[in-house]
Amino acid sequence: LDSKASQKSMLHPKPKGLMLQYGTAGFRTTAKHLDHVMFRMGLLATLRSRKTKSTIGVMVTASHNPEEDNGLKLIDPMGEMVTPSWEGYATQLANAEQEVLCSALKDIIEKETINMSETASVFVGRDTRPSSQRLSQAVLDGVSCLGGQIQDYGLVTTPQLHYMVRCRNTHGCYGTDTLQGYYQKLSQAFIELTKNARNHTDDQKRLLVDGANGIGALKVRELEACLQSELQMVLFNDGSNGKLNYLCGADYVKVQQKPPQGINMGAGERCCSFDGDADRIVYYYNDSDGSFHLLDGDKIATLISTYLKELLTQAGLNLQIAVVQTAYANGSSTQYLEDIMKVTVSCTKTGVKHLHHAAQKFDIGVYFEANGHGTVLQLSEFIRLKASVDEKKHAAKLLENTINLINQATGDAISDMLVIEAVLAIRGMTVQEWDSIYTDLPNRQLTVKVADRRMIDTADAERRAVTPAGLQDSIDALVKKYTKARAFVRPSGTEDLVRVYAEAETQESADVLAHEVSLAVYHMAGGVGEKPKPLK
Ligand code: G16
């Protein structure tokens, strides 16, 4: 085994001295530097499979990053992100120099007492980046090197691969581990739900979809055939002539607070954008004055949790709903959820793995990052559909179909889109009515380049900077100058930069505050390149 692994690994050499870290959602960097990481993660996934006696997933994607980047996400048995202790192994293995690779592998085998004669099974998928096919081949090499069985799904969205892993490890209870199985489960639930729609005219069934020129575009096309025209999607940025994530996609729309290029929006038309691997979604529309309105992950969490809360009450089920957010959640959303909706709100660090874990603690955990990444957990476990009264029966049936529509393995743009469309249809709600549930506080996100972003360490779910000394005091002093203001900074775990978030009573204040905080980061945390400029 030793000689095979080291021989094979020579074909996937590690650039000497290159150090990478398993970040917010796996490894991410320029595609050029990832071949050895892919091979080694194939090895690691095989070990993880033997350890858990389950199928493990490896998704080759860099999601919202530019097309030249790539990356990898490891998926644990229930379809969730890999457990943190194995993130550590992933980093160790990725950074081991060639000569010590075998001993690094052995270390893990010993620490985890892995029986190498167990069978191993790994599911692999990839996004549409030009580098993804070659890199996923390196993953496959790693898996076969350690004798693992492979199922290569080829082009799939990240959440589809999470779904397949969950289906396989629950032996079909969750669904069938094929693309057809995925489309059928979701579309059947959607069609059942929309039978309860109010005034479901063709106009209301129309949705403009920005596919970010990525995998999501390919996959909604496949889904479309199963939806029996209950949703009429008009697809933009389908990859036929644009670059992945370039001036389009969920991240662009959320951060820039403007529509993607390449979309023709009529006033009041409901639109949504996926990100590069279709695990995030945001909605938006232009009003009759031409102003842009964004409905981000916070608005989605509010819509879904309000709907679920009502259904639970109607079905006579007394269950605790909680919403999990991050520091990026708009202050108005948190206030609305706590004060008006009376649901428990919890805040975690950025990264779906943190939100997912926190949501598992509640009867029903709705988790969404403001950037549109989220889902609902535990639905099936607690809801017993034994209602006897007619009204209760009806609510119970709606709940059952809603459960089938939600991808509980991870946040899923396609599944979330169908849930949102079904809820709007059932409630007879327009996008404007949904938007008016509460009004966002104006906010601004910026990024700052620094020499080493690890200089910034944070605490309190990333709401406070602990290092460098004095930075938080400066931020506090700046925030004090504005009404209803809040700001924080954190190192990104997917890109080599520091993120800055600010919100305040007016857009002008939010913009100025974000700029001032960026300058504080630039001066106190080793900014490089040009000094941040004020927003126009
Ligand atoms: C990933 C994570 C998200 C996170 C985002 C940004 O998204 O899955 O949970 O919010 O990165 O992370 P950071 O601010 O640390 O760069 P995606 O869609 O890129 O996989």
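About the criteria used
Residues numbered from 1 in each chain as written. Predicted model: local features only at pLDDT ≥ 70, side-chain atom pairs only at ≥ 80, totals over all residues. Heavy atoms only, no water. UniProt positions renumbered as here; feature names shortened; annotations may be inferred. Helix = DSSP H or I, 4+ residues; strand = E, 2+ residues; numbered from the N terminus. Buried < 20%, exposed > 50% of the residue type's maximum accessible area, 1.4 Å probe, protein only. Contact = heavy atoms within 4.5 Å. Areas by Shrake-Rupley, 256 points an atom, 1.4 Å probe, with all protein chains shown as cover. Near = heavy atom within 4 Å. Polar contact = N/O pair within 3.5 Å; in protein donor to acceptor, adjacent residues only side chain to side chain. Nonpolar A, V, L, I, M, F, W, Y, C, P; charged D, E, K, R; others polar. Pairing = 2+ DSSP bridges. Axes fitted to C-alpha atoms, helices over the stretch in contact; angles between N-to-C directions. Phe/Tyr/Trp six-rings, centres within 6.5 Å; stacked < 30°, edge-to-face > 60°. Lys NZ or Arg CZ within 6 Å of the ring centre and 35° of its normal. Domains from an automatic or database assignment. Buried area = accessible area lost by both parts, 1.4 Å probe.

As recorded by an unreviewed UniProt entry, the protein chain carries the name Phosphoacetylglucosamine mutase and is attributed to Pygocentrus nattereri. In the Sequence similarities (unreviewed entry) part of its UniProt record, the protein chain is described as follows: "Belongs to the phosphohexose mutase family."

**Student:** Any chance you could explain the overall build of the protein chain here in plain terms?
**Tutor:** A tally of regular secondary structure across the protein chain gives 19 helices and 19 strands. A principal-axis box enclosing the C-alpha atoms of the protein chain has dimensions of 65 × 55 × 45 Å. Buried residues in the protein chain amount to 60% of all 536 residues. Across the protein chain, contacts joining residues at least 24 apart in sequence account for 70% of those joining residues at least 6 apart. Carbon and sulfur atoms provide 49% of the accessible area of the protein chain, an area that totals close to 21,000 Å².

**Student:** Just checking my understanding: could you explain the UniProt feature "domain: Phosphoacetylglucosamine mutase AMG1" (unreviewed entry) in the protein chain for this structure?
**Tutor:** With numbering matched to this structure, UniProt assigns "domain: Phosphoacetylglucosamine mutase AMG1" (unreviewed entry) to residues 178-282 and 296-427. Taken end to end, residues 178-282 comprises 35% helix and 15% strand; its first and last C-alpha atoms sit 27 Å apart.

**Student:** For this particular structure, what's the right way to read the site of the ligand?
**Tutor:** Near the ligand lie 20 residues; those nearest to it are S63, H64, E369, S492 and T494. The separation between an oxygen atom of the ligand and a polar side-chain atom of R280 is 2.9 Å. In the complex, the protein chains occlude 98% of the 460 Å² of accessible area that the ligand would expose alone. When grouped by side-chain class, the residues that make up the shell around the ligand number 2 nonpolar, 10 polar and 8 charged.

**Student:** What is the right way to read the sheet that holds strand 4 (residues 121-126) from this model?
**Tutor:** Strand pairing in a sheet relies on backbone hydrogen bonds, with the paired strands running either antiparallel or parallel. In space, the 5 strands of this open sheet follow the order 1-3-2-4-5, with mixed pairing throughout. Two strands lie at the open edges of the sheet, namely strand 1 (27-30) and strand 5 (149-155), each paired on one side alone. Taken pair by pair, the neighbouring strands of this sheet meet at an average axis angle of 15°, ignoring direction.

**Student:** Sorry if this is basic, but what is going on with unusual backbone geometry here?
**Tutor:** Negative phi characterises most residues that are not glycine, and trans characterises most peptide bonds. In this model, T467 is joined to P468 through a cis peptide bond whose omega is -5°. Turning to its location among the elements, P468 is positioned in the loop between strand 17 (464-467) and helix 18 (471-480). Phi angles above zero are rare outside glycine, and T113 is one such case at about 40°. Note on placement: T113 falls in the loop between helix 4 (101-111) and strand 4. Located in the positive-phi region is E462, a residue other than glycine, with phi close to 70°. Residue position: E462 is located in the loop between strand 16 (457-459) and strand 17.

**Student:** What's the story with the sheet that holds strand 12 (residues 344-348) in this structure? I'm lost.
**Tutor:** Across the sheet, 4 strands lie side by side as 12-11-13-14; this open sheet has mixed pairing. Each edge of the open sheet is held by one strand with a lone partner, namely strand 12 and strand 14 (374-377). Adjacent strand axes in the sheet meet at a mean angle of 20°, parallel and antiparallel pairs treated alike. Relative to strand 14, strand 13 (residues 364-368) runs antiparallel, the two being bridged by 4 bridges. Within strand 14, the position partnered with F368 by the bridge is G374.

**Student:** Got a minute to help me understand the environment of L247 in this structure?
**Tutor:** In this structure, L247 sits in the loop between strand 7 (232-236) and helix 10 (250-256). Sequence separation between L247 and P259 is 12 residues; the distance between their C-alpha atoms is 8.9 Å.

**Student:** Sorry if this is basic, but what is going on with the packing of aromatic side chains here?
**Tutor:** Any pair of aromatic rings gets described here by the distance separating the centres and the angle formed by the planes. Under the criterion given, the structure shown has 12 aromatic pairs. Between Y328 and F488, the ring centres sit 5.0 Å apart and the planes meet at 70°, which makes this aromatic pair edge-to-face. Residue Y328 is found in the loop between strand 11 (321-326) and helix 12 (331-340), and its partner F488 is found in strand 18 (residues 486-491); the two are separated by 160 residues along the sequence. The same class applies to Y328 and to F488, which are both buried. Summarising the aromatic geometry, the rings of F488 and Y501 are spaced 5.4 Å apart at their centres and angled 25° between planes, so their arrangement reads as stacked. Of this pair, F488 sits in strand 18 while Y501 sits in strand 19 (residues 498-503), and the two are 13 residues apart along the sequence. The pair F488 / Y501 is uniform in exposure class, with both members buried. Each member of the aromatic cluster is reached from another via a ring pair, and the members are Y163, Y174, Y182 and Y183. Across the ring face of Y174, the terminal group of R166 is positioned such that the distance to the ring centre comes to 4.6 Å. Over the ring of Y174 we find K185, and its NZ or CZ is 3.7 Å from the ring centre.

**Student:** Please clarify how the UniProt feature "active site" (unreviewed entry) in the protein chain should be interpreted in this entry.
**Tutor:** Cross-referencing UniProt, the feature "active site" (unreviewed entry) maps to S63 in the present numbering. Relative to the assigned elements, S63 resides in the loop between strand 2 (55-60) and strand 3 (69-75). Look past the residues within four positions of S63 in its chain and what remains in contact with it is R28, K73, D127, R129, N245, D275, G276, D277 and D279.

**Student:** Help me understand the side chain of S518, please; the structure alone is not making it clear to me.
**Tutor:** With respect to the secondary-structure elements, S518 resides in helix 19 (residues 507-524). Within the structure, the side chain of S518 is placed 2.8 Å from the backbone oxygen of A514, a separation counted as a polar contact. Setting aside residues no more than four positions away along its own chain, S518 makes contact with L446, V448, V500 and P532.

**Student:** Before we go on, may I ask you to explain the domain arrangement of the protein chain in this structure?
**Tutor:** A common way to express how large an interface is: the accessible area buried when the components associate. Examined at the domain level, the protein chain breaks down into domain 1 (2-155), domain 2 (297-392 + 405-411) and domain 3 (443-524). Here the C-alpha centre of domain 3 lies 28 Å away from the C-alpha centre of domain 2. Contacts between the two partners involve 9 residues from domain 2, matched on the other side by 11 residues from domain 3. Together, the buried faces of domain 2 and domain 3 total about 850 Å²; carbon and sulfur atoms form 51% of this surface.

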